[in-house]
Amino acid sequence: MPAPRTHAPSISCVMPAYNEAANLPRVVPQVLQALRALSPQVELIVVDDGSRDDTAAVARALCAQHAELVFVQLSRNFGKEAALTAGLDAAQGEVVALIDADGQHPPALLAEMLARWRDGSDVVYAVRRTREDQTRLHASLTDVFYRLINWGSRVRIPAHAGDFRLMDRAVVEALKRLPERNRFMKGLYAWVGFQSTAIDYEPLPRTAGASSFGLRGSFALALTGMLAFSTAPLRVLTLAGLSLSLIALGYGGWVVVEYFAWGIKVPGYATLVVALMFFSGVQLLSIGVLAEYVGRIYEEVKQRPAYLVREQTGTGLAAASAGRAAAQAPLAP
């Protein structure tokens, strides 16, 4: 059983933001207040993922008001997975929390997460109780996705667990060692392992605006996750090919028996056209799935960075660390 942790750790909180200018002035003070209640050494890292509104200007203004705030602006929109990676790379705390900028993740839950960390958990992740803020189609497709991605996989990705979580420094360092460019963070959290604990939560209403991550974005992320963490599509194609071959052999045997037993002529045009169209569709689908995997390999071998930083403002825990080092340095004789 892991030994309990009794000290007050330094805490980094990573907040990816895309077009969240209206939410940051409300959410940032709330998160900082929750963090300050947990530790005297905290930092909040806001990562602007190429926003098209005034997110960058609002974040700079907030940096001037709060010494614990660090603003990282990426050179363009790389996606939330890359923004989370940039935040993890910049975080310096002993524990690192991830929270959204739209206000739907309750900051009060950070206290319970830290309590679970003190009890010995390396990862504490929040699981949604409901998906009432999504359409029935979106929620149903999400359920199907988790069933598919966990089918036959040795690494189980918890269903309905998002990015809202708290992690020990050892977990963060393990995530930083993973080099892939097509990142599916929910899968990476599960892949690195460590002692994990789940807690339930109910998402809050968005503070302002509407989510820019709709069904299309969810589908693209699901495709990335499926190709990155599952060989299920390839297995399905293998089973489909085997099944179709057996069916074709069986049908061919039946035609031969029918011809010699009853003298019925072999069906012609309609059967051939339907069979050709069906098998051509299966072949094109197979090639398409293989092309998706090959495309991911092509992107990985180029070894381009997952993100590029345009600007970084604020020092966060770096200033506190420098201050402690200066205070502990021996005086010159």
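Residues numbered from 1 in each chain as written. Predicted model: local features only at pLDDT ≥ 70, side-chain atom pairs only at ≥ 80, totals over all residues. Heavy atoms only, no water.

Observations regarding the environment of Tyr125
- Within the fold, Tyr125 resides in strand β5 (residues 123-128).
- We classify Tyr125 as buried; its relative accessible area is 14%.
- Sequence separation between Tyr125 and Arg165 is 40 residues, and the spatial gap between their C-alpha atoms is 4.2 Å. (Helix = DSSP H or I, 4+ residues; strand = E, 2+ residues; numbered from the N terminus. Buried < 20%, exposed > 50% of the residue type's maximum accessible area, 1.4 Å probe, protein only.)

Observations regarding the packing of aromatic side chains
- Across all of its chains, the model carries one aromatic pair by this definition.
- Look at Phe164 and Tyr201: their rings are 5.6 Å apart centre to centre, the planes differ by 75°, and that puts the pair in the edge-to-face class. Note that Phe164 is positioned in strand β6 (residues 161-168) and Tyr201 in strand β7 (residues 196-201), a separation of 37 residues in sequence.
- Classification of Phe164 as buried rests on a relative accessible area of 1%. (Phe/Tyr/Trp six-rings, centres within 6.5 Å; stacked < 30°, edge-to-face > 60°.)

Section: the nonpolar core
- Formed by 38 residues in total, the largest nonpolar core has its most connected members in Met15, Leu24, Val28, Leu44 and Met113.
- Core analysis: the next-biggest nonpolar cluster, separate from the first, contains 30 residues, Val14, Ala86, Val96 and Tyr189 among them. (Core = buried A, V, L, I, M, F, W, Y, C linked by side-chain atoms within 4.5 Å.)

Let's talk about unusual backbone geometry
- A positive phi angle, near 55°, is found at Asn19, a position not held by glycine.
- You can see Asn19 is positioned in the loop between β1 (11-17) and α1 (24-36).
- Take Asn19: its relative accessible area is 30%, and that puts it in the partly exposed class.

Thoughts on the pairing of β5
- For β5, the tally of buried residues reaches six of six residues, placing the bulk of the element in the interior.
- Every second residue of β5 is oriented toward a common face, with Val123, Tyr125 and Val127 on one face and Val124, Ala126 and Arg128 on the other, all of them buried.
- Both β5 and β7 contribute to a ladder of six bridges, which runs parallel. The residue of β7 that forms the bridge with Tyr125 is Ala198. (Pairing = 2+ DSSP bridges.)

A short note on the sheet that holds β1
- Pairing is mixed in the open sheet, where eight strands are placed in the order β7-β5-β6-β4-β1-β2-β3-β8. Lying at the two open borders of the sheet, with one neighbouring strand each, are β7 and β8 (309-313). The average angle at which neighbouring strand axes cross in this sheet is 20°, direction not considered.
- Bridging between β5 and β6 involves four bridges; their strand directions are antiparallel. Bridge assignment links Val123 to a residue of β6, and that residue is Met167.
- Where α1 meets the sheet, its contacts fall on β1, β2 (42-48) and β3 (69-74), and the angle it forms with β2 comes to roughly 155°. (Axes fitted to C-alpha atoms, helices over the stretch in contact; angles between N-to-C directions. Contact = heavy atoms within 4.5 Å.)

So, the pattern of salt bridges
- Taken as a whole and assessed by the stated rule, the structure comprises seven salt bridges.
- When the shortest N-O distance is used, the salt bridge between Glu173 and Arg169 registers 2.8 Å. Taken as a pair, Glu173 and Arg169 lie in helix α6 (residues 169-176) at a separation of four residues, close to a single helical turn.
- One connected set of salt bridges, linked through shared partners, spans Lys80, Asp100 and Asp163. (Salt bridge = Lys/Arg side-chain N within 4 Å of Asp/Glu carboxyl O.)

Digging into α1
- With 13 residues, α1 should reach 18 Å at 1.5 Å per residue; the first-to-last C-alpha distance of 18 Å fits that figure.
- Turning to α1, its buried residues are Leu24, Val27, Val28, Val31, Leu32, Ala34 and Leu35. Summarising the axial view, the buried residues of α1 lie within an arc of 160°, below the 170-degree limit, and thus occupy one face.
- Buried-residue contacts for α1 involve β1, β2, α2 (55-65), β3 and α4 (109-118). (Expected span 1.5 Å × (residues − 1). Arc of directions from axis to C-beta.)

A look at the packing of α1 against α2
- Contact geometry for α1 and α2: axes closest at 10 Å, N-to-C directions at 40°. Read as a crossing pair, α1 and α2 show a hand that is right-handed. Listed contacts from α2 to Leu24, Pro25 and Val28 of α1 are Thr55, Val58, Ala59 and Leu62.
- Residues of the contact of α1 with α2, tallied by class, amount to six nonpolar, one polar and no charged. (Left-handed = near helix turned anticlockwise from the far one by under 90°. Nonpolar A, V, L, I, M, F, W, Y, C, P; charged D, E, K, R; others polar.)

A closer look at the environment of Ser121
- Tracing the sequence through the fold places Ser121 in the loop between α4 and β5.
- The exposure class assigned to Ser121 is buried, which follows from its relative accessible area of 8%.
- As for Ser121 and Ser196, which are separated by 75 residues in sequence, their C-alpha atoms are 5.7 Å apart.
- Within the structure, the side chain of Ser121 is placed 2.5 Å from the side chain of Thr197, a separation counted as a polar contact. (Polar contact = N/O pair within 3.5 Å; in protein donor to acceptor, adjacent residues only side chain to side chain.)

Description of a nonpolar patch on the surface
- There is a patch of nonpolar side chains on the surface, built from Ile297, Tyr298 and Val301 and spanning about 340 Å² of accessible area.
- Relative to the helices and strands, Ile297 is located in helix α10 (residues 269-301).
- Residue classification places Ile297 among the exposed residues on the basis of a relative accessible area of 52%. (Patch = residues over 30% accessible without salt bridge, like charges linked within 9 Å, V, L, I, M, F, W, Y side chains within 5 Å. Areas by Shrake-Rupley, 256 points an atom, 1.4 Å probe, with all protein chains shown as cover.)

Nothing here speaks to function; it is all geometry.
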